[in-house]
Amino acid sequence: MNVSPLPALPVQSVAVAPVRTTQAPVIADPSQTTLPPVNEGSAALGSARSPDEQGRAQREQSQAEQLRAQQEQEAQEARARDQQEAEQQRIDQQEISRLSARDAEVRAHEQAHAAVGGQYAGAPSYTFKRGPDGRSYAVAGEVSIDASPVNGDPEATLAKMQQVLRAALAPAEPSSADLRIAAQAQAALTEARAELAEKNRNEQVQAQEQREADRLAAEEDDQQRQQDREQSERLTRSPFDLTLYRRLSALSPAEGVGFSAEA
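Definitions and cut-offs
Residues numbered from 1 in each chain as written. Predicted model: local features only at pLDDT ≥ 70, side-chain atom pairs only at ≥ 80, totals over all residues. Heavy atoms only, no water. Helix = DSSP H or I, 4+ residues; strand = E, 2+ residues; numbered from the N terminus. Buried < 20%, exposed > 50% of the residue type's maximum accessible area, 1.4 Å probe, protein only. Pairing = 2+ DSSP bridges. 1 Å grid on protein atoms, 1.4 Å probe; cavity = no way out; pocket = protein on both sides within 12 Å on 5 of 7 lines; lining within 4 Å. Points joined across faces, edges and corners; volume = space filled by probe spheres on them. Nonpolar A, V, L, I, M, F, W, Y, C, P; charged D, E, K, R; others polar. Salt bridge = Lys/Arg side-chain N within 4 Å of Asp/Glu carboxyl O. Expected span 1.5 Å × (residues − 1). Core = buried A, V, L, I, M, F, W, Y, C linked by side-chain atoms within 4.5 Å. Axes fitted to C-alpha atoms, helices over the stretch in contact; angles between N-to-C directions. Parallel < 35°, antiparallel > 145°, perpendicular 65-115°, else oblique. Left-handed = near helix turned anticlockwise from the far one by under 90°. Contact = heavy atoms within 4.5 Å. Lys, Arg positive; Asp, Glu negative; His and termini not counted. Polar contact = N/O pair within 3.5 Å; in protein donor to acceptor, adjacent residues only side chain to side chain.

J.: So what exactly am I meant to see when it comes to the overall build of the protein chain here?
T.: Each helix and strand in the protein chain was counted, giving six helices and two strands. Ordered by position from N to C terminus, the α and β elements of the protein chain give α-α-β-β-α-α-α-α. Of all 263 residues assigned to the protein chain, the portion counted as buried reaches 13%.

Right, dumping it as structure tokens:
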């Protein structure tokens with residue numbers, strides 16, 4: 001079977017329409033260029049989706065928004081916690097500094113009492129408070145002291161109260177309790193000085209009386225010694241007049257015996 005070739009078709013020119021390009025107007029400020037809203041594209045895209053796809057997309061978008069909101073809230077809470085912790089640390093450090101300064105002040109205060117009080121003062125005792133760092137700080141303290149007078153001995157009382165007074169006022173800033181002890185010691189000092197002055201006056205009077213008694217006794221002793229000397233001198237002289245005795249012995253017995261009754 002002979003197949004005849006197909007006749008060649010003549011090539012015809014196809015008219016091509018000219019393409020016109022529209023140039024967008026130039027905006028002076030590029031930062032003012034705005035993009036179309038996302039929802040418009042989503043709406044345009046959603047119009048081509050099925051209802052299920054649209055619902056899934058909305059759910060995913062809602063979950064994404066919730067996730068962003070949750071993350072933002074967690075970030076805000078974290079920043080708030082950090083600020084709160086930083087503030088608490090600052091407060092704790094201030095409290096530690098205050099407790100440390102108070103501890104040093106209390107210990108120096110009570111040790112001054114004990115050092116100056118000597119034998120009349122007891123050992124310091126403290127009240128402690130636990131700080132934010134777990135350490136115990138002394139916030140108060142006391143030292144017992146014997147401020148009683150010495151009975152019957154104003155001189156010992158005077159020396160004791162002077163030491164008690166110095167011990168009460170030894171700290172740089174005496175407390176109200178310290179000032180009360182100082183006032184008590186000062187009152188005891190005044191009373192002891194009065195007793196000591198009275199004792200001295202009595203001793204002076206007694207001494208004067210003793211000197212007067214000694215003077216009188218000395219005068220009596222002098223008088224007695226003078227009398228003793230005079231008596232001794234009389235005793236050393238002959239107690240009889242031997243001349244008269246000799247004269248009487250030379251007379252006859254008749255002449256020398258008896259007294260005459262004649263007028």
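J.: How do you make sense of the pairing of strand β1 (residues 125–130) when you look at a structure like this?
T.: Two strands pair when backbone bridges link them, and β1 and strand β2 (residues 136–142) are joined in this way by six bridges, in the antiparallel orientation. Looking at the pairing, K129 lines up with Y137 of β2. Remark: five residues form the turn of the hairpin made by β1 and β2, two consecutive strands paired antiparallel; G134 in that turn has positive phi of roughly 90°.

J.: Would you mind going over the layout of surface pockets with me for this structure?
T.: The probe, sized like a water molecule, is rolled over the atoms to show the empty space still left. Empty space within the largest pocket amounts to approximately 460 Å³. Contributions of two or more residues to the lining of the largest pocket are made by α2 (51–117), β2, α3 (154–168) and α4 (176–236). Looking at the lining of the largest pocket, the element that brings in the most residues is α2, giving seven residues. The residue makeup of the lining of the largest pocket, split by class, is 12 nonpolar, five polar and six charged.

J.: Would you explain the pattern of salt bridges in this entry?
T.: For side chains of opposite charge, pairing can occur when their charged atoms come near one another. Summed over the entire model, instances satisfying the criterion amount to 11 salt bridges. For K129, the salt bridge identified is with E95, shortest N-O distance 3.6 Å. One end of the pair, K129, is in strand β1; the other, E95, is in helix α2, with 34 residues separating them in the sequence. Relative accessible area serves as the criterion here: at 38%, K129 is assigned to the partly exposed category.

J.: Mind showing me how you'd approach α3 here?
T.: Within an α-helix, residues lying three or four positions from one another point in the same direction, as the helix has 3.6 residues per turn. For α3, spanning 15 residues, the distance from its first C-alpha to its last is 20 Å, which sits close to the expected 21 Å at 1.5 Å a residue. Inspection of α3 places P154, T157, L158, K160, M161, Q163, V164, L165, A167 and A168 among the buried residues, and these make up the whole buried set.

J.: For this particular structure, what's the right way to read the environment of L179?
T.: Mapped onto the secondary structure, L179 falls in helix α4. Note: C-alpha distance between L179 and L165 (14 residues apart in sequence) is 9.2 Å.

J.: Explain the nonpolar core to me, please; I cannot follow it from the model alone.
T.: As a rule of thumb, nonpolar side chains are buried together in soluble globular proteins. With 12 residues, the main nonpolar core is built from A147, L158, M161, V164, L165, A168, A182, A185, A188, L189, A192 and L196. Of all the elements in the fold, those that place two or more residues in this core are α3 and α4. Take this core: its biggest share by element is six residues, from α4.

J.: Looking at this model, I keep getting lost on the packing of α2 against α3. Mind explaining?
T.: For any two helices packed against each other, the geometry is given by the interaxial angle and the distance between the axes. Orientation of α2 relative to α3, taken along the N-to-C sense of each, is 165°, at an axis distance of 8 Å. By the angle class used here, α2 and α3 are roughly antiparallel. Where α2 crosses over α3, the two elements pack in a sense that is right-handed. Residues H113, V116 and G117 of α2 touch α3, and the partners they reach there are Q163, R166, A167 and A168. Its residues assigned to classes, the contact of α2 with α3 shows three nonpolar, three polar and one charged.

J.: What is the right way to read α2 from this model?
T.: In this model α2 runs 97 Å from its N-terminal to its C-terminal C-alpha over 67 residues, within 8% of the 99 Å that 1.5 Å per residue would give. Residues G55, I96, L99, D103, V106, H109, E110, H113 and G117 constitute the buried set of α2. Note on α2: the residue one or two positions beyond its end, G118, has a positive phi of about 60°.

J.: How should I be thinking about the side chain of E110 in this particular structure?
T.: Mapped onto the elements, E110 comes out in helix α2. Despite being buried, E110 has no salt bridge partner; R102 is the closest side chain of opposite charge, sitting 7.4 Å away. Polar side-chain contacts of E110 include one of 3.5 Å to the backbone nitrogen of V143. Sequence-distant contacts of E110, that is, excluding residues within four places in its chain, are made with P124, Y126, G141, E142 and V143.

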